[in-house]
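# Coordinate analysis (summary)
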Amino acid sequence: MSAPIPDPALRRLPALDAVRVIGALAVVGHHVGFATGRNTGDAVVGAWLSRLDVGVAVFFVLSGFLLFRPYAHAQATYQRPPAAGRYLWRRATRILPAYWVTVVVCLLVLPQNRDATTADWLRHATLTQIYQHGQLKDGLSQTWSLATEVSFYLLLPVLAVLLLGRRPRPDRVSRIAVASLVVTGVWVALMGLGVLSLGLHTMWLPSSAGWFGAGMALASAHVTLRTGTGERWRWLDDLGRAPLACWAIALAALAVATTPVTGPRDLAEPTAAEFGTKLVLYVVVAVMLIVPVAFGPQTRTKSVFDSVLGRWLGRVSYGLFLWHPFVLEGIYLVFDRPEFTGDPLGIFVLTVAGGLVLASVSYYAVEKPFQRWGSQWPRRKRRSTSESQSNVAVATAAN
């Protein structure tokens, strides 16, 4: 008997793996710019390097899109939503093992972390290091975004119920977008009023709700288009036919973000208005980067993104995200290079090369085995053919 074919509305979009790689490389570039001192020391190059943290917005919009799509599909087709327990188990086995290995290595190997306390270990092991000031250890500064992602993972089943309701509604895309923007808008307003701290609460989930919500809204629109119930969103498919136009808009938004309207380029706190402006510009960049890959017909651009190399880089991109700060720290230690010096391009190439080596080891030795284990346990009871097809589609789409 042949394997069940996933619903077309939930088929995996492998070209999005290459978008994940772009996000990871952007984050590497941002950290290299800071390490070499170019973020603040160069008026033009530094401005662009300092705003490559836009890669975090790309990750968050992608997560919202990929993880919310099975819930939107289940509602649109009157099926059961993904089981919360199994969904969380798959997320845990996908994210935590490789992350824990990174935490152990960074805390034990990097000399800057010799003063790590038991509390530091516990905070990083439980991804709670963002809930107090100054708790991110060396080589693990990027994990603030992973801690935010995990809080989104935990809330997603509840958010799906609240945002989707029990019956399909034609306005659900708008509802999701507006609700997420309201959450972030109120959060930023509280920062502006001094109720919340711009040095701490910018890392918490509500600050990024607009980014996750944009991905969730795109997922809902994608499902309505593929199930034939959302003609009002046909313009997204039309927009997907023009990748160069979309990417020109993304580049223009990023260019605006390199100006002072988004705040300082160093570690100084921005104002609430500057932070809010950056959030808006970054979501434009992320959405315009993703739409041509997720929507529209199969194009030559998608074929390039869906290449063997693109898929492989997508698979190891999580490891690159985890390990590149460790590699960057190691470069400066091994070559005894002073802080805030060095050629950004050369350091970037070395960091990416070393990061990909460790990412490959991480993927094949840790991530892939745990993903396989996570997909096989707990074993599910035998179900009807239609429900089995739905489960296959959900597992494929949320990978």
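First, a word on what this report is: a plain description of the structure on this page. (Residues numbered from 1 in each chain as written. Predicted model: local features only at pLDDT ≥ 70, side-chain atom pairs only at ≥ 80, totals over all residues. Heavy atoms only, no water.)

### Regarding helix 15 (residues 344-376)
By the largest-angle criterion, Tyr-363 marks the main kink of helix 15, which is about 45°. Of all the residues in helix 15, the buried ones are Pro-344, Ile-347, Thr-351, Val-352, Gly-355, Ala-359, Ser-360, Ser-362, Tyr-363, Val-366, Glu-367 and Gly-374. Where the residues of helix 15 are buried, they touch helix 1 (16-35), helix 2 (38-41), helix 3 (45-50), helix 5 (84-109) and helix 14 (308-334). (Bend = angle between axes of the 7 residues up to and from the residue. Helix = DSSP H or I, 4+ residues; strand = E, 2+ residues; numbered from the N terminus. Buried < 20%, exposed > 50% of the residue type's maximum accessible area, 1.4 Å probe, protein only. Contact = heavy atoms within 4.5 Å.)

### Here's the deal with the pattern of salt bridges
Under the defined criterion, the tally for this structure stands at 11 salt bridges. Across the salt bridge formed by Asp-237 and Arg-226, the nearest N and O atoms sit 3.0 Å from each other. A residue pair is termed long-range when its members are at least 10 positions apart, and Asp-237 in helix 10 (residues 234-240) and Arg-226 in helix 9 (residues 205-226) qualify at 11 residues. For Asp-237, a relative accessible area of 6% puts it in the buried group. Note on Arg-226: relative accessible area 30%, which makes it partly exposed. Where Glu-231 meets Arg-234, a salt bridge forms, and the shortest distance between an N and an O atom there is 2.8 Å. A relative accessible area of 30% means that Arg-234 is categorised as partly exposed. Connected through shared salt-bridge partners, Asp-115, Asp-120, Arg-123 and Lys-137 make up one network. (Salt bridge = Lys/Arg side-chain N within 4 Å of Asp/Glu carboxyl O.)

### Here we look at the packing of aromatic side chains
Tallying each qualifying case throughout the model produces 17 aromatic pairs. Between Phe-65 and Phe-295, the ring centres sit 6.5 Å apart and the planes meet at 65°, which makes this aromatic pair edge-to-face. Placement of the pair is Phe-65 in helix 4 (residues 54-76) and Phe-295 in the loop between helix 12 (272-294) and helix 13 (300-305), with a sequence separation of 230 residues. An identical accessibility class is assigned to Phe-65 and Phe-295; each is buried. Residues Phe-152 and Phe-212 carry aromatic rings whose centres are separated by 4.2 Å and whose planes lie at 15° to one another, so their mutual orientation is stacked. With Phe-152 in helix 7 (residues 143-164) and Phe-212 in helix 9, the pair connects residues that are 60 residues apart, well separated along the chain. Residue classification places Phe-212 among the buried residues on the basis of a relative accessible area of 1%. An aromatic cluster is defined as three or more aromatic residues linked by ring pairs; in this entry it consists of Phe-60, Trp-144, Phe-152, Trp-211, Phe-212 and Tyr-282. (Phe/Tyr/Trp six-rings, centres within 6.5 Å; stacked < 30°, edge-to-face > 60°.)

### A short note on the nonpolar core
Leu-16, Val-19, Val-61, Phe-68 and Trp-211 are the most contacted members of the largest nonpolar core, which totals 106 residues. Sequence-distant contacts of Trp-211, that is, excluding residues within four places in its chain, are made with Val-56, Ala-57, Phe-60, Val-61, Leu-279, Tyr-282 and Val-283. (Core = buried A, V, L, I, M, F, W, Y, C linked by side-chain atoms within 4.5 Å.)

### Let's talk about the packing of helix 1 against helix 14
Each pair of packed helices gets described by two things: the angle between the helix axes and the distance between those axes. Interhelical geometry of helix 1 versus helix 14 gives an angle of 10° and a closest axis separation of 7 Å. Compared by their axis directions, helix 1 and helix 14 come out roughly parallel. Of the residues in helix 14, those touching helix 1 at Asp-17, Ala-18, Arg-20, Val-21, Ala-24, Leu-25, Val-27, Val-28, His-31, Val-32 and Ala-35 are Gly-310, Arg-311, Leu-313, Gly-314, Ser-317, Leu-320, His-324, Leu-328 and Tyr-332. For the contact of helix 1 with helix 14, a count of residues per class yields 12 nonpolar, 5 polar and 3 charged. (Axes fitted to C-alpha atoms, helices over the stretch in contact; angles between N-to-C directions. Parallel < 35°, antiparallel > 145°, perpendicular 65-115°, else oblique. Nonpolar A, V, L, I, M, F, W, Y, C, P; charged D, E, K, R; others polar.)

### A look at helix 7
One full turn of an α-helix is made of 3.6 residues, so residues set three or four places apart face in the same direction. With 22 residues, helix 7 should cover 32 Å at 1.5 Å per step; its first-to-last C-alpha distance of 30 Å lies within 8% of that length. Along its length, helix 7 shows its largest kink, about 50°, at Leu-156, and proline Pro-157 lies within four residues downstream of that point. Among the residues trailing helix 7, Gly-165 stands out with phi positive, at a value near 70°. (Expected span 1.5 Å × (residues − 1).)

### Describing the environment of Val-105
Among the structural elements, Val-105 can be located in helix 5. Relative accessible area serves as the criterion here: at 24%, Val-105 is assigned to the partly exposed category. Sequence separation of Val-105 and Phe-326 is 221 residues, and the distance between their C-alpha atoms is 8.8 Å. Among residues more than four places away in sequence, those in contact with Val-105 are Leu-110, Trp-323 and Phe-326.

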